[in-house]
Each structure stands twice: as C-alpha cells, then as structure tokens.
Amino acid sequence: MTGTYPSRSTSRCPSDLLSLQELVDGIAVDIAAVMGRGKVADYIPALADVDADQFGMAIHTVDGQFYGTGSSGVGFSIQSISKVLSLTLAIEHHGDDLWNRVSVEPSGDPFNSLVQLEHECGVPRNPLINAGAILVADALLDAHDDPIDALLSLIEQLTGRRPSIDEEVVSSEKATGFRNEAMANLMKSFGNLKHSVADVLDVYFRQCSIVLNCEELAQVFAYLANAGRQPGSEVVVVSPLRARRINALMLTCGTYDRAGEFAFKVGLPAKSGVGGGIAATVPGKLALCAWSPALSASGNSVAATEALRLFAERSLCSVF
Ligand code: GLN
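What counts and what doesn't
Residues numbered from 1 in each chain as written. Predicted model: local features only at pLDDT ≥ 70, side-chain atom pairs only at ≥ 80, totals over all residues. Heavy atoms only, no water. Helix = DSSP H or I, 4+ residues; strand = E, 2+ residues; numbered from the N terminus. Rg over C-alpha atoms; globule rule 2.2 N^0.38 Å. Buried < 20%, exposed > 50% of the residue type's maximum accessible area, 1.4 Å probe, protein only. Areas by Shrake-Rupley, 256 points an atom, 1.4 Å probe, with all protein chains shown as cover. Lys, Arg positive; Asp, Glu negative; His and termini not counted. Charge placed at Lys NZ, Arg CZ, Asp CG, Glu CD. Pairing = 2+ DSSP bridges. Near = heavy atom within 4 Å. Polar contact = N/O pair within 3.5 Å; in protein donor to acceptor, adjacent residues only side chain to side chain. Nonpolar A, V, L, I, M, F, W, Y, C, P; charged D, E, K, R; others polar. Axes fitted to C-alpha atoms, helices over the stretch in contact; angles between N-to-C directions. Contact = heavy atoms within 4.5 Å. Arc of directions from axis to C-beta. Parallel < 35°, antiparallel > 145°, perpendicular 65-115°, else oblique. Left-handed = near helix turned anticlockwise from the far one by under 90°. Phe/Tyr/Trp six-rings, centres within 6.5 Å; stacked < 30°, edge-to-face > 60°.

The next subject is the overall build of the protein chain. Counting its regular elements, the protein chain contains 14 helices and 8 strands. Taking 2.2 N^0.38 as the reference for a compact globule, 320 residues should give roughly 20 Å; the C-alpha atoms of the protein chain span a radius of gyration of 18 Å, in line with that estimate. Taken over 320 residues, the protein chain has a buried fraction of 56%. Accessible area of the protein chain: about 12800 Å², with a carbon and sulfur share of 52%. Taken together, the 24 basic and 36 acidic charged side chains of the protein chain have centroids lying 6 Å from each other.

Next up, the structure:
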C-alpha cells in the first residue's frame, strides 16, 4: 500500500507539517489531561514539598536550535538523570573494563531493588539503576580526585553555566538513603566496591542533587544525539561507539522496570529521575527533556512520559 501513511524520511523528522515550537506548545496544552496524576517523590523528604502542578519541556536540535515551553527554565533535582553523565565520565576513564563490574541488561525490577544484587554476587544489572550508579560513583573516585567537580565541569562545558547542588536534597538523601547504603554495603561485601561506602555514597547523593532545568538538560544531552560530539562545537564528549552504547542503555534500562513499556509507547532512548525529569534523544536529530514532578509507582514522571509519547507520536520521531 502506498500514499496513506505519513512519511518518515530521515531528512524530515520531526514532521515538517508542524514547527517544533508549535509542537511543544501543543503538548503543554494537552498535557493538562494527565496533570494531577501520580505523586511526588516523598521518600526523599526534601522533594516532598515540590509543587506537583508544574510542567516544562525543551528541545535542542543537533543543528543548534532551541525550543521551550511551560516551565522549561525552572530548575529541578535531576536525580537519576545524572547517572548518564557519571557513566559518560566513567567510560572515558575505564573503557571496557567497566563492564567487568556492571552488566548491561535491563533489570525488570524497581530502581532501588536489592534482590538481583545478592543473586548476582554484587554485580549490578546495569549502570542506570541505583546499584549500578553507585558502582559507577566508585569507579569515578578512581578517575577523578573530585568526581563532582568533574561532573559539574562537564555540564558547564556543555551549557556554559556551572550548576548548583541542592544541599538540602543531599542531606535529605543521606538521612533516608537506607536502601542505597544497603546496596553499597552488599557490593562492598562482594569486593566490587573499592572505596569506602561513605565516600561513594557522598558522590552518588551529590550527583543526584544537581539542579538543572529542561533547557539545560536538552542542551547537555545533545552530545548523545550527535554521535558523542557537542553540536556546534569541536568538543567530543565520547566516541560515536560509546554514544551509541549509552543510548542503547537508556533505551533498555533508563526507565527501570517500565523500559519495555516506554520503548513501546515512546520509542526513544531516555533517562528518568525521581525529581520528575526525563531526558531523551532522537539520535542524529535532537535531544529533549520533559519535566513534571508527580511520579508513577515506577518512579517515572507521569506527565513527562506522556509529553514524550505525544512528541514521538506527533513528530514521527522514534528509533523504530
Ligand atoms: N537519589 C535517588 C535515589 O537514590 C535517585 C533515584 C531515581 O531518580 N530513580 O533513590
């Protein structure tokens, strides 16, 4: 059959029928249908007070165009979105040796589950669940004297602005992060953590407490949409192969035990955080970020997920 379906040639994604600004503005209107669903991440007390009734979205194309809508300039706690950035730095230092300490399989379990870690002898399923990111934080302590300074410098290099860390969130996570402590101790007991649990968790909690907005996150993630190079510059963040692999991990593991459903509904590599943000890429085209604080039971923002679904549906952008 010909002529009845919208075209999706590589040169015309997103749809040339709708400008990207119209597209995101339309999503900001239609997202009202799901606002009010879900609840904020109150297991981290400092995040419990965030106003759930906020939504923002931003796009950064590989040819340097920006689009934003709603609260796209409002900062939020990036939480697990930081795992992609710490992984990027760790891969650059350790190369393939990193994969001896952390696997690349989806877990099918919640982001803070301990179950597989015991069965699998302290080797986390992937670097985008908590155990995997804690392992990566340990690896970063080998790579950098001050891993947080390295992360902030990477972000500053990509956005032109050094972000802040929300110290209240850091304290809150430290006071209540019992499961993260359990994971770190379990990995330590299996000999898969080199540094002290306290030092590793300090890096992990601080990276989760970095504050960025949708516009900045879309800009930061653009290197992953551009084969590892920051658009519009000569800055190579990672090689094309590593960018491809990080995108693959985001697609298969970036939204935890909902990664299958996310691929089914949205079809883009993405990484969520319990601050309500989801950063995603359309490889070769653009990076984007949607944010709204209320989460589903899996810890993924309800409205940000829906916004990305609407984006993929209306722009015809998908990796599939
Ligand atoms: N800091 C959070 C935690 O450790 C990160 C979880 C997330 O964003 N999914 O629980």
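Turning our eyes to something else, we now look at the pairing of strand β1 (residues 56–61). Within β1, 6 of the 6 residues are buried, which leaves the element mostly enclosed by the surrounding structure. On β1, burial covers both faces: Gly56, Ala58 and His60 on one face and Met57, Ile59 and Thr61 on the other are all buried. Taken together, the 5 bridges between β1 and strand β2 (residues 66–70) define a ladder with antiparallel strand orientation. Pairing of Ala58 across the sheet is with Gly68, part of β2. Of the pairings in the sheet, the one linking β1 to strand β8 (residues 286–291) comprises 6 bridges and is antiparallel in character. Paired with Met57 across the bridge in β8 is Ala290.

This part covers the site of the ligand. Taken together, Tyr43, Gln79, Ser80, Phe111, Asn130, Glu173, Asn180, Tyr204, Cys208, Tyr256, Gly273 and Val274 form the complete shell of residues around the ligand. Glu173 has a polar side-chain atom sitting 2.6 Å from a nitrogen atom of the ligand. In this structure, Tyr256 approaches the ligand through a side-chain N or O atom, which is 2.8 Å from a nitrogen atom. Relative to its free-state accessible area of 300 Å², the ligand is covered by the protein chains to the extent of 99%. Across the shell around the ligand, the residue classes tally to 6 nonpolar, 5 polar and 1 charged.

Across the sheet, 5 strands lie side by side as β2-β1-β8-β7-β6; this open sheet has antiparallel pairing. Each having just a single partner strand, β2 and β6 (270–272) make up the two edges of the open sheet. On average, adjacent strands in this sheet sit at an angle of 10° to one another, irrespective of strand direction. Across the sheet, helix α1 (residues 20–30) touches β1, β2 and β8, and the angle it forms with β2 is around 20°. Running over the sheet, helix α14 (residues 302–315) touches β1, β7 (277–282) and β8 and is turned about 145° from β8.

Let us now look at the side chain of Gln54. Considering the arrangement of structural elements, one finds Gln54 in the loop between α2 (45–48) and β1. According to the relative accessible area criterion, Gln54 is buried, its value standing at 17%. Separated by 2.9 Å, the side chain of Gln54 and the backbone oxygen of Asp51 make a polar contact. The residues contacting Gln54, other than those within four sequence positions of it, are Met35, Val74, Trp291, Ser292 and Pro293.

Let's shift gears to α1. Within α1 the residues assigned to the buried category are Leu20, Leu23, Val24 and Ile27. Projection of α1 onto a plane perpendicular to its axis shows the buried side chains occupying an angular sector of 90°, all on one side. Each element contacted by the buried residues of α1 is listed here: β1, β2, β8 and α14.

Once that is clear, we can look at the sheet that holds strand β3 (residues 76–77). An order of β3-β5-β4 is seen for the 3 strands of this open sheet, with the pairing classed as antiparallel. A strand with exactly one partner marks an edge of an open sheet, and here the two such strands are β3 and β4 (164–165).

So, about the packing of helix α3 (residues 82–94) against helix α5 (residues 130–143). Describing two packed helices takes the angle between their axes plus the distance from one axis to the other. Remark: α3 packs on α5, axes separated minimally by 9 Å, with the N-to-C direction vectors making an angle of 45°. Here α5 runs oblique to α3, going by the angle between their axes. Classified by chirality, the crossing of α5 by α3 is left-handed. Residues Lys83, Ser86, Leu87, Leu89, Ala90, His93 and His94 of α3 touch α5, and the partners they reach there are Asn130, Ala133, Val136, Ala139, Leu140, Asp142 and Ala143. The class makeup of the residues in the contact of α3 with α5 is 8 nonpolar, 4 polar and 2 charged.

Applying the stated criterion across every chain, the model contains 4 aromatic pairs. Grouping aromatic residues by their ring pairs yields a cluster made of Tyr43, Phe111 and Tyr256.

Another point: unusual backbone geometry. Leave glycine aside and you will find that most residues have negative phi; peptide bonds, for their part, are mostly trans. With phi around 60°, Tyr256 is a residue other than glycine that occupies positive phi space. As for its placement among the helices and strands, Tyr256 is situated in the loop between α12 (240–253) and α13 (259–265). Judged by its relative accessible area of 3%, Tyr256 falls in the buried class. Positive phi is not limited to glycine here, since Leu316 has a value of about 65°. Note on placement: Leu316 falls in the segment after α14. Of the residues examined, Leu316 reaches a relative accessible area of 24% and is grouped as partly exposed.

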